[in-house]
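# Architecture and fold: a report
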Amino acid sequence: MHKVFKVGALVAVGAVLCGFSGLGLESSLGVYRGEPVQEAMAKLGRPIGTAYVEHQRVYFWHANLIGVSCKVWGAAQRGIIVRWGYQACT
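Each chain has its residues counted from 1, following the order in which its sequence is written. It should be noted that, the model being predicted, local features are given only for residues of pLDDT at least 70 and side-chain atom pairs only at 80 or more, the latter also being counted only at that level, while totals for whole chains, interfaces and linings use all residues. Working from all heavy atoms in the structure, the side-chain values ignore hydrogens and water.

## Description of the overall build of the protein
Counting from the N terminus, the helices are DSSP H or I runs at least four residues long and the strands are E runs at least two residues long. The helix and strand inventory of the protein stands at three helices and four strands. Along the protein, helices and strands appear, N-terminal first, in the series α-α-α-β-β-β-β. Within the protein, the proportion of its 90 residues that are buried is 30%. Contact criterion: two residues are considered in contact whenever any of their non-hydrogen atoms come within 4.5 Å of each other. Once local pairs closer than 6 in sequence are excluded, the contacts in the protein between residues at least 24 apart make up 34%. Exposure was quantified through the Shrake-Rupley algorithm and a 1.4 Å probe, taking into account, for residues, occlusion by the shown protein chains and nothing else. Put simply, the protein shows about 5,900 Å² of open surface, and 60% of that area lies on carbon and sulfur atoms. Each residue is placed in one exposure class: buried if its accessible area under a 1.4 Å probe, protein chains only, is under 20% of its type's maximum, exposed if it is over 50%, and partly exposed if it falls in between.

## Structural notes on the side chain of Glu35
Locating Glu35 in the fold gives a position in the loop between helix H2 (22-29) and helix H3 (37-44). Once residues within four sequence positions are removed from consideration, Glu35 is found in contact with Ala40, Lys43, Gly79, Ile80 and Ile81.

## So, the side chain of Gln56
Among the structural elements, Gln56 can be located in strand E2 (residues 56-65). According to the relative accessible area criterion, Gln56 is buried, its value standing at 10%. For Gln56, the side chain forms a polar contact with the side chain of Arg83, separated by 2.9 Å. Residues contacting Gln56, with those up to four places away along its chain left out, are Ala51, Ala75, Ala76, Gln77, Val82 and Arg83. Identification of polar contacts relies on pairs of N or O atoms within 3.5 Å, with a donor-acceptor requirement for protein atoms, meaning one able to donate a hydrogen and the other able to accept it, and with residues adjacent in sequence counted only if both atoms are side-chain atoms.

## Describing unusual backbone geometry
Positive phi is not limited to glycine here, since His55 has a value of about 65 degrees. You can see His55 is positioned in the loop between strand E1 (49-53) and E2. According to the relative accessible area criterion, His55 is exposed, its value standing at 80%.

## A word on the sheet that holds strand E3 (residues 68-77)
Strand order in this open sheet of four strands is E1-E2-E3-E4, and the pairing throughout is antiparallel. In the strand order of this sheet, the two ends are held by E1 and strand E4 (80-89), each with one partner. With strand direction ignored, the average angle separating the axes of adjacent strands in the sheet is 30 degrees. As defined by bridge partners, E3 adjoins E4 across eight bridges and the pair is classed as antiparallel. Only strands that DSSP links by at least two bridges are regarded as paired with each other. Orientation is described by axes fitted as lines to C-alpha atoms, over the contacting stretch for helices, and by angles from 0 to 180 degrees between their N-to-C directions.

Interpretation note: all reported values are geometric properties and have no functional meaning in isolation.
Below, the structure written as structure tokens:
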């Protein structure tokens, strides 16, 4: 019976993670599009990495989303966050 609950919980978490919209991700992180990168850093801490993609600087952070540890990213142009997403969750 205990295994059934574990499997059910994993399926529920997977379903929630597959359904992340940008808005849901932003609200769960407490950071939003249009905010300066410095504001995002103040809320999420120092980025664990950076990259450049399509003339945008991409910042990576570890974040806790609904009790799940995820690697999230924010793409910025001219110091303003223009997109959010997540790369991996465990």
